[in-house]
Structure formats: C-alpha cells, structure tokens
Amino acid sequence: MNEWKKTGCVLCAQNCGLEVQIENNTITKVRGDRDNPRSKGYVCRKGLNIAFHQHHDQRLQVPLKRKGNDFEEISWDQAANEIAEKLNAIVKQYGPRSLAYMGGGGQGCHFEAAFGLTLLRSLGSRYHYNAIAQELTGQFWAHGRATGKQYKFTIPDEEHADMLVGIGWNGMVSHQMPRAPLVLKEFSKNPDKLLVIIDPRKSETAQVADIHLAIRPGTDALLTRAMIAIVLREGWTDDEYLQQHVSGFNEIKNWFTDFDPEKAVALCGLEYETVREVCRQLRIRKACYHPDLGVYMNRHSTLTSYLEIILFTITGNFCVSGGNVIPGYLMPICGHSDERSEKTWRTVETDFPALCGLFPPNVLPEEILSMKDDRIRAVLCSQSNPLRSFADTTAYEEAFSRLDLLVVNELAMTETARLAHYVLPSRSGYESYDATFFGWTFPEVYFQFRHPVVEPEGQQLEISEIFTRIADKAGIIPDIPDSLFTAAKKDTLSFGMELMNFMKENPKTMPLVPFIIAQTLGKEFGSVNKAWLWGMLMTAPKEFRKNAERAGFTKGPLMGEEIFQAIINNPGGLWIGKMDPDDNFSALSTEDKKVNLYIPEMESWIQELDPETEQANLEEAAREYPFILSSGRHTPMVANTLMRNPDWNKGRRACTCIMNPGDAATHGFRDGQMVRVVTEAGSVEVELEVTGETREGYVMIPHGFGLDYNDSVYGVNANRLTKNTHRDRLAATPYHRYVPCRVEAL
Ligand SMILES: Nc1nc2c(c(=O)[nH]1)N[C@H]1C(S)=C(S)[C@@H](COP(=O)(O)OP(=O)(O)OC[C@H]3O[C@@H](n4cnc5c(=O)[nH]c(N)nc54)[C@H](O)[C@@H]3O)O[C@H]1N2
Ligand SMILES: Nc1nc2c(c(=O)[nH]1)N[C@H]1C(S)=C(S)[C@@H](COP(=O)(O)OP(=O)(O)OC[C@H]3O[C@@H](n4cnc5c(=O)[nH]c(N)nc54)[C@H](O)[C@@H]3O)O[C@H]1N2
Ligand code: SF4
Ligand SMILES: [Mo]
C-alpha cells in the first residue's frame, strides 16, 4: 500500500497539517493530518486540491535570462555571476537606496527571508517590501505602541473566550485562525458563547453570528470611537484592570467625551441599542476580537486598529486568557522599526517609514518612477506576483518595465516573471524543507518544519540557496576556514563550537552568519533551510527558551540541539513551547510591563472623526461613483495567485462581480450578463452574478484572477481597478475594501 507522508498546506497562513500519497513523483491523494496538534485533521477545499499548485504546465525548470521579448536558458553559475555583477554595479553607481527586496515568503515558505534580508543589508539597503505591508502593518504599528514591539501583536484566545467579535473578517471562508469554521460553528451553537460579526454584508460568517452588525462600509473607525464613548459613558470600564495593567488611559479619556455616539452609530447604519448591548457584553464576558481585511484594507485602517486596542483594553480583555493575547513563536513574522527614530529608513519619493521593518507595496511604483537619483533601480522579487497582487497593475507595469534589474524567484512563469531580466526556478513547498512563521497559538507554541515529499523535476533550488550563490559571487561571504567545513562533516555539536570560535575571532562577520551556515552545514545537510533551522535554534532568544523549558525541553547549552532533533523527527508539526498562560503581561515589551494606550500623534486623526465630517466624505465619493467595490473577495475558489491552473475550479462560477438583487433590479441588470466596472484606476469587463450575498450599494470581485495560463486569461484582475495612491496615511495599506466604482451594461 502507498504510504501517507506528512506535510502541510501552503495555500494560506494556517498551513494545516496534511498527509499525501505520492505516485511517480506526483501528489495523488490528500487528507487532513489528524495528528497535527494545531489543525487536528482540518482541511478545506483548497488544501485538498494542493496538487494543482504543485504540478502544472507553467512550472519553471531552469534559470532564464531575458533576450528581447523572450527568454534563453542559462546555467546557475552564469545567472548568479551576472546578477551579482549587476547588483554591485548598480549599488556602486547609485547607492544602496537603489536596491529593493520584495519577498520573504508568502504563506508557507518563510525560510528565504533570512537570506534575502542578509543579501539586501550586505549591499547596504533596508528596502524590504512585503505583502504584510499591504494588510497588517497598521495593526502591528498600533500594537507596537501598546505592547512595546510591533511584532508583539495579539491574537484572539478563542479557546478560552465566551465572546468572539469578528470585524471585517469572513473566517468561515478565509480561516485566519486554526480550524476557523469549526470554531465559529461552536460559538454559534453554544448558548453560553456569543459571536458578534461586524460586516456590511451577510457574509458566510455573519450568517452564523448571534449578533450581526451590518455596518455601512468604511465606517468602522467611527463605530469603534462611538463604542469607546459608550463604554465610558455607561461606566463599563474595568477599573481594577486599568489600575494594574494600563498606562496612558487618563491622557486619552477626553478624546471620547465631547462626541455624540448616537449620531455616529446612526451614520454607521446601526441600531444604537444593539451596539450598546455589544459594549455591555464586552465588559461582562471574556471577549476577544479578530479584525481582518474588511478593516485593514479600508478607510482609517491604522486608526481603527488603534481604537480597537483601546476598546478591548478598557473593558479588560487585553493580554488575558480568553481575551486578546500575545502569542508564542520560534521566530516573529516581522521586525520592529520605530518611525520616530532618525535611523529608520523612509522612502525617497513618498516619504513613508518602514513599519515592522517593511515597506508598503503601494508606494513601490512611485519609488521606481521617481525622478530622484537614488530612486529604486533594482528589485529582487521572491514568492510574490506584484503584477496581480498589489494595487494598481497599470502603475506596476510601467514601473517594473523601467527597472535596470528585475530578478524573480518563482515556481511559475507569472505575469511579473514575464517582465524580469532573470527568472530563477525555485523549489516549491513540497520539494523542500521549509516552514511558516504564521503558526501563532496560545499558550502552546507550535512549529512545523515540512520535509520534501516530491523531487524537483528540473534544476530548481531553495531560494535561500539562490541568494547564497548570488552573495558568494558578489564577494559578500567571508573566507570560511577549513576547520568549519570539517566540523560540519562531523556533527552539529562540533560545528556549533567551531562556529562560536570563528565568530569570536571575526565579530564583523556576525551579520553574515546565515550565509556561513549555508556554505558549510547547508552543504552537509543538502539543504540550506535545514541548516538555518539549526542556526535559528542556536541563537533563539531567552523568551523562546523559557517557553521551551515550560514545554519540557531541558534547560542548558544542549537545549537548541534537543529542539532541533524533535522538530526534525516530527515533520507533521509539534508543540515546542508553552507561554505562561496566567501572565501574558510578562510578554509585553513596554518598560513598565503595562499596556500603553496613549499615542499622542493619533489625537488629531481621532478628532477628525466626527459624524458630520464622515458623512460629507462618504457622500463626496458617492457623487461620481454610486457603488462601493470590494476588490478582493476570498471565496473557496481563490487562493491568492497560488493556483494558476484553472481546472481546479472546473464547472464553477469562479470569478464574477456580485451584486445585490435590489441594485440589479434598479439598474436593469440580470444575472449572467457582462458588465463593465469602472474606477479611477481603470476598468474591467466581467460577468455579473446577482445574489443576496452582498448588500445594496456594495459589489465584490475576487482577487487572484486575471492569470494567464497556457495563453488564456482566466477571470479578471481586480488590481486593474485599484489605485495605489488610495492608501492609509500612516501605513500606506490599500483601500481594497472601499473602491468607489460605477457598473455599466455592456
Ligand atoms: N478561500 C481563501 N481563503 C483565504 C485566502 C484566499 O485567497 N482564498 N487568502 C488568505 C489571505 S492572504 C488573507 S489576508 C485572508 C483574508 O481574510 P478576510 O479578511 O476574512 O477576507 P475577506 O474576504 O476580505 O473578508 C473580509 C470581510 O470584510 C467585509 N468588509 C468589507 N468592507 C467592510 C467594512 O467596511 N467594514 C467591515 N467591518 N467589514 C467589511 C467583507 O464583506 C468580508 O466579509 O484570507 C486568507 N484565506
Ligand atoms: N485587489 C486585491 N489584491 C489583493 C488582495 C485583495 O484582497 N484585493 N489580497 C492580498 C493579500 S491579503 C495578499 S497576502 C497578497 C498576496 O500576494 P503575493 O505576495 O503575490 O502572494 P501569492 O499570490 O500568495 O503568491 C505569489 C507567487 O508566489 C509564488 N510562490 C508560492 N510559493 C512559492 C515558493 O515556495 N517558492 C517560490 N519561488 N515561489 C512561490 C507563486 O507561484 C505565486 O506566483 O495579495 C493581495 N492582493
Ligand atoms: S485552511 Fe488554509 S492551510 Fe488549511 S487547508 Fe485550507 S487553504 Fe490550506
Ligand atoms: Mo493576505
């Protein structure tokens, strides 16, 4: 009988545990892995179709170099040599600000990040662009002020909560927490638990909610300000908690007093009494919240994130079991960068700072098209398809075609790859050792290091290996003594000792340690990623080791080795730590170990937010464009741009523009007809689907379509309709859930 091999799904951040069967190097059967401690056997339709992601006609096999409008095959040596030479030349002539790295891993393959970043920094640049900076950076920034570090954001501790508030989140379809549909159904069915969903439409998740607040699109900031005002007015603050665990509350109190919550709630299209009742429940229950793209990709998004933190903190639900908690991890998903510091880099043309160490994809076209000398001229792009994924495809096309150097590390010949000077074939999540750093849990700390389950069929390499080769040719990697190679051949213990000695004698090479490990232990292991797992564990911070000790690993110098072996021996995932379940405050990085609520810069933004001003702003947009478009709807037939072969959706209506029956009747549209959707950025022609899944005035098109597969384009590209300059003032995240549009008959 064919054996089941353990792996994981790489199609969304959950990375559910999977078991697969392989025949002739092909994935033939898939099921959820019941032994996986985090996903416990759960799998969705996408995961079951993972073979469509792994095996398709557009997989890249060999390194390619642009030749006119086509590509020619070249050797890895030539590719690494030429790219290294060009990078050095560009940086020498125009300075380090001319180089950007757009990558770091999408959903399931994050091990390249250490190598891409080390290469970038060795060349002097800090311009790390990443998809996280088009959704999460505003939320992480607000958390950074509250918790002390931007990577110390919180997640809902839904397991111990009796109230879950979903804000702009359709977890029944998009997940975004382990086994989300099962968790949501449990909240829905259990009479002791309360599920509140704030969403303009009756989404799949709103349908199972106890309370659905069908908010007017784009007004979450106003609603949250009103909810804080209600809590203060009614005296529903948790005063003992505030005393003990919170700083800065007195400084912000009066931002909410001279404000009319009744009027605000009415403008949000909601009933005051229902909103008031939700506020009361927040005070008396163990309540947690899950915000998502409905607010991250919307008007006032960073402000909304800040207000949500205030609301859940003053009601005593922050950093406590059953509330929102700082999760544990082996490696945080991003860094911390204080935009108030002179040292933090800002973009040259648009003057946005790094948040969480990341720059927002929304500004990259302007940074490339800038007239300034130190504009961006070279981009290293990995595991990302900006020409379909990021706002304003037209701006991206223009910008990317102006680059002196575009290198794309890809599985497939994508829309972005087609514009590249070099396209480098990399191994997929099923051909390599790799992992996600998205696997947040509380209090247990989870990790899964997947093993390869199929062989690469061409010359594909791990991206970490590709970056190491480029760094080598660029002269970045220091001379490595024979003793290190010899020790690597022996065992990891000897190697560790030898590496420590080397670092002591050559402290300047410390930042290059990923490359040094890649060249030595990586060769021995036949995998740079596997060697880097070892490297990470050897340098894991004190906090991680404390958690590991709580989970039963032995304190002392051999702990890293012990965890390394445990991870390698459990390719299906395991618990590698446990946080203190009774004291999440100890995870705070603020000096006083209190949650800080005072962000002085936000005062004026909050004061702008009154019902009159909001009403005027909302009506202004409506004058020219009667509909609001959600450019991006996560349906079970979308997996970002990770499924290029449309056959996995055969027979389904995968890419339509949905419209409410009332609107269709008013405008004389019928289901199935073609319409033109027009925005400031452009227009697309798309099939109309008339359905009660959306509300009046709100139309939706999924993202992740408009992909070219075997010379046909499937569905429409939602990012022809989005303008990259419509963005959050602080984090520059896009307004994908609030795109004013017109719908015309064809
Ligand atoms: N099937 C599927 N699942 C996925 C993905 C996929 O491609 N396909 N991608 C994954 C990724 S990368 C991500 S980031 C997540 C995203 O996961 P979600 O954020 O849950 O996905 P969305 O479909 O954008 O759902 C957001 C909800 O916000 C609502 N909304 C729109 N406007 C507003 C508003 O003004 N206020 C409020 N409160 N709500 C509003 C929408 O109606 C929608 O129901 O999904 C992940 N899961
Ligand atoms: N208009 C609009 N646009 C959106 C959204 C929206 O709601 N509306 N949602 C956005 C969100 S939330 C996200 S997260 C982004 C994601 O956008 P992207 O960052 O572009 O990520 P993906 O679409 O997941 O994958 C991009 C590419 O990575 C490649 N890839 C996957 N795995 C590997 C690997 O192991 N190695 C290599 N070399 N390549 C690999 C795939 O082949 C694919 O071409 O898109 C977003 N774009
Ligand atoms: S929930 Fe996400 S990780 Fe799990 S099977 Fe579905 S797509 Fe894959
Ligand atoms: Mo995302």
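Definitions and cut-offs
- Residues numbered from 1 in each chain as written.
- Chains lettered and ligands numbered in written order.
- Predicted model: local features only at pLDDT ≥ 70, side-chain atom pairs only at ≥ 80, totals over all residues.
- Heavy atoms only, no water.
- Helix = DSSP H or I, 4+ residues; strand = E, 2+ residues; numbered from the N terminus.
- Rg over C-alpha atoms; globule rule 2.2 N^0.38 Å.
- Buried < 20%, exposed > 50% of the residue type's maximum accessible area, 1.4 Å probe, protein only.
- Contact = heavy atoms within 4.5 Å.
- Areas by Shrake-Rupley, 256 points an atom, 1.4 Å probe, with all protein chains shown as cover.
- Phe/Tyr/Trp six-rings, centres within 6.5 Å; stacked < 30°, edge-to-face > 60°.
- Pairing = 2+ DSSP bridges.
- Axes fitted to C-alpha atoms, helices over the stretch in contact; angles between N-to-C directions.
- Salt bridge = Lys/Arg side-chain N within 4 Å of Asp/Glu carboxyl O.
- Near = heavy atom within 4 Å.
- Polar contact = N/O pair within 3.5 Å; in protein donor to acceptor, adjacent residues only side chain to side chain.
- Nonpolar A, V, L, I, M, F, W, Y, C, P; charged D, E, K, R; others polar.
- Domains from an automatic or database assignment.
- Core = buried A, V, L, I, M, F, W, Y, C linked by side-chain atoms within 4.5 Å.
- Parallel < 35°, antiparallel > 145°, perpendicular 65-115°, else oblique.
- Left-handed = near helix turned anticlockwise from the far one by under 90°.
- Arc of directions from axis to C-beta.
- Buried area = accessible area lost by both parts, 1.4 Å probe.

## A closer look at the overall build of the chain
- Counting its secondary structure elements, the chain contains 29 helices and 28 strands.
- Relative to the compact-globule value of 27 Å for 746 residues, the chain shows a C-alpha radius of gyration of 25 Å, a close match.
- With the C-alpha coordinates aligned to their principal axes, the bounding extent of the chain is approximately 75 × 60 × 60 Å.
- Residue burial in the chain is summarised as follows: out of 746 residues, 64% are buried.
- Long-range pairs, those at least 24 residues apart, make up 75% of the contacts in the chain between residues at least 6 apart in sequence.
- Total accessible area on the chain stands at roughly 28,100 Å², and carbon and sulfur atoms take up 47% of it.

## A word on the packing of aromatic side chains
- Evaluated as defined, the whole model comprises 21 aromatic pairs.
- Aromatic side chains tyrosine 129 and phenylalanine 359 sit 5.8 Å apart centroid to centroid with 40° between the ring planes, which places their arrangement in the tilted category. Taken as a pair, tyrosine 129 in strand S7 (residues 128-129) and phenylalanine 359 in the loop between strand S14 (324-325) and helix H16 (364-369) lie far apart in primary sequence, 230 residues in all.
- Overall, the relative accessible area of 0% leaves tyrosine 129 in the buried class.
- For the ring pair tyrosine 396 and phenylalanine 400, a centre distance of 5.3 Å and an interplane angle of 75° mean the geometry is edge-to-face.

## Section: the sheet that holds strand S1 (residues 5-8)
- With antiparallel pairing, the three strands of this open sheet are ordered in space as S1-S2-S3. On the outer flanks of this sheet lie S1 and strand S3 (26-32), each paired with one strand and no other. On average, adjacent strands in this sheet sit at an angle of 40° to one another, irrespective of strand direction.
- Across four bridges, the pairing between S1 and strand S2 (residues 17-23) is antiparallel. Residue pairing in the sheet places lysine 6 in a bridge with glutamate 19 of S2.

## Some points on the pattern of salt bridges
- Evaluated as defined, the whole model comprises 35 salt bridges.
- Ionic pairing is found between lysine 6 and aspartate 33, a salt bridge with its closest N-O pair at 2.9 Å. Residue lysine 6 is found in strand S1, and its partner aspartate 33 is found in the loop between S3 and helix H1 (45-48); the two are separated by 27 residues along the sequence.
- The exposure class of aspartate 33 is buried, given its relative accessible area of 0%.
- By sharing partners, the salt bridges in this structure join Lys6, Glu19, Arg31, Asp33 and Asp35 into a single network.

## Quick notes on the site of ligand 2
- Close to ligand 2 lie 30 residues; Ser389, Glu410, Ser426, Ser631 and Thr641 are nearest.
- Between ligand 2 and the protein, one listed contact pairs an oxygen atom with a backbone N or O atom of glutamine 383 at 3.3 Å.
- About the coverage of ligand 2: the protein hides 95% of its 910 Å² of free accessible area.
- Its residues placed into classes, the shell around ligand 2 shows eight nonpolar, 18 polar and four charged.
- Of the residues that make up the shell around ligand 2, three or more belong to each of domain 2 (64-133 + 333-578) and domain 4 (625-745).

## Quick word on the nonpolar core
- Within the largest apolar cluster, 166 residues are counted, with the highest numbers of intra-cluster contacts made by Tyr306, Phe447, Leu533 and Ile576.
- Sort the elements by how many residues they give to this core and helix H9 (residues 220-234) lands first, with nine residues.
- Of all hydrophobic cores here, the second largest spans 32 residues; its members include Phe352, Ile376, Ala399 and Leu406.

## Quick look at unusual backbone geometry
- In this model, phenylalanine 442 is joined to proline 443 through a cis peptide bond whose omega is -5°.
- In this fold, proline 443 is placed in the loop between strand S17 (422-425) and strand S18 (444-447).
- Here the phi dihedral of asparagine 25 falls at roughly 60°; this positive angle occurs in a residue that is not glycine.
- Locating asparagine 25 in the fold gives a position in the loop between S2 and S3.
- One non-glycine residue, lysine 593, adopts positive backbone phi at about 55°.
- Tracing the sequence through the fold places lysine 593 in the loop between strand S19 (574-578) and strand S20 (595-596).

## A word on the packing of helix H20 (residues 482-490) against helix H21 (residues 492-505)
- Two elements in contact, H20 and H21, have axes separated by 7 Å at closest approach and are oriented at 160°. By the angle between their axes, H20 is roughly antiparallel relative to H21. Remark: the crossing between H20 and H21 carries left-handed chirality. When H20 is examined against H21, the residues Ser483, Leu484, Ala487, Ala488 and Lys490 are found in contact with a partner set consisting of Ser494, Phe495, Glu498, Leu499 and Phe502.
- In the contact of H20 with H21, the residues fall into six nonpolar, two polar and two charged.

## Structural notes on the site of ligand 1
- The full set close to ligand 1 counts 31 residues, and Ser174, Asp199, Gly218, Asp220 and Val638 are the nearest of them.
- Within the backbone of glycine 168, an N or O atom sits 3.3 Å from an oxygen atom of ligand 1.
- Within the backbone of glycine 218, one N or O atom sits 2.8 Å away from an oxygen atom of ligand 1.
- Alone, ligand 1 offers 910 Å² of accessible surface; in the complex the protein occludes 98% of this.
- Listed by contribution, the elements that provide at least two residues to the shell around ligand 1 are helix H6 (171-174), helix H14 (293-296) and strand S25 (698-701).
- In the shell around ligand 1, the residues fall into eleven nonpolar, 13 polar and seven charged.
- Two domains each donate at least three residues to the shell around ligand 1, and these are domain 3 (154-325) and domain 4 (625-745).

## As for the sheet that holds strand S16 (residues 405-410)
- Sheet architecture is open: seven strands sit in the order S5-S4-S17-S16-S15-S6-S7, paired in mixed fashion. Only two strands of the sheet have a single neighbouring strand rather than two, namely strand S5 (70-73) and S7.
- The strands touched by helix H3 (residues 76-94) are strand S4 (64-67), strand S6 (99-102), strand S15 (378-382), S16 and S17; relative to S17, the strand with the most contacts, the crossing angle is about 135°.

## Side note on H20
- Residues Leu484, Ala487 and Ala488 constitute the buried set of H20. The buried residues of H20 occupy one face: seen down the axis, they fall within an arc of 105°. Away from its buried face, by an angle of more than 90 degrees, H20 presents the exposed residues Asp482, Thr486, Lys489 and Lys490.

## Some remarks on the pairing of S4
- Relative to S5, S4 runs antiparallel, the two sharing four bridges. If you follow lysine 65 over to S5, its bridge partner there is glutamate 72.
- In textbook terms, the turn of a hairpin is the stretch between consecutive antiparallel strands, and for S4 and S5 this stretch comprises two residues, one of which, glycine 68, has a positive phi near 65°.
- Where S4 lies against S17, two bridges are found, and the strand directions are antiparallel. Across the sheet, leucine 64 pairs through a bridge with valine 423, a residue of S17.

## Looking at the domain arrangement of the chain
- Entries for the chain in the domain assignment read domain 1 (4-54), domain 2 (64-133 + 333-578), domain 3 (154-325) and domain 4 (625-745).
- The C-alpha centroid of domain 3 is placed 36 Å from the C-alpha centroid of domain 2.
- Taken together, the contacts link four residues of domain 2 with four residues of domain 3.
- Overall, the association of domain 2 and domain 3 removes approximately 360 Å² of surface from exposure, summing both partners, and the carbon and sulfur fraction of that is 82%.

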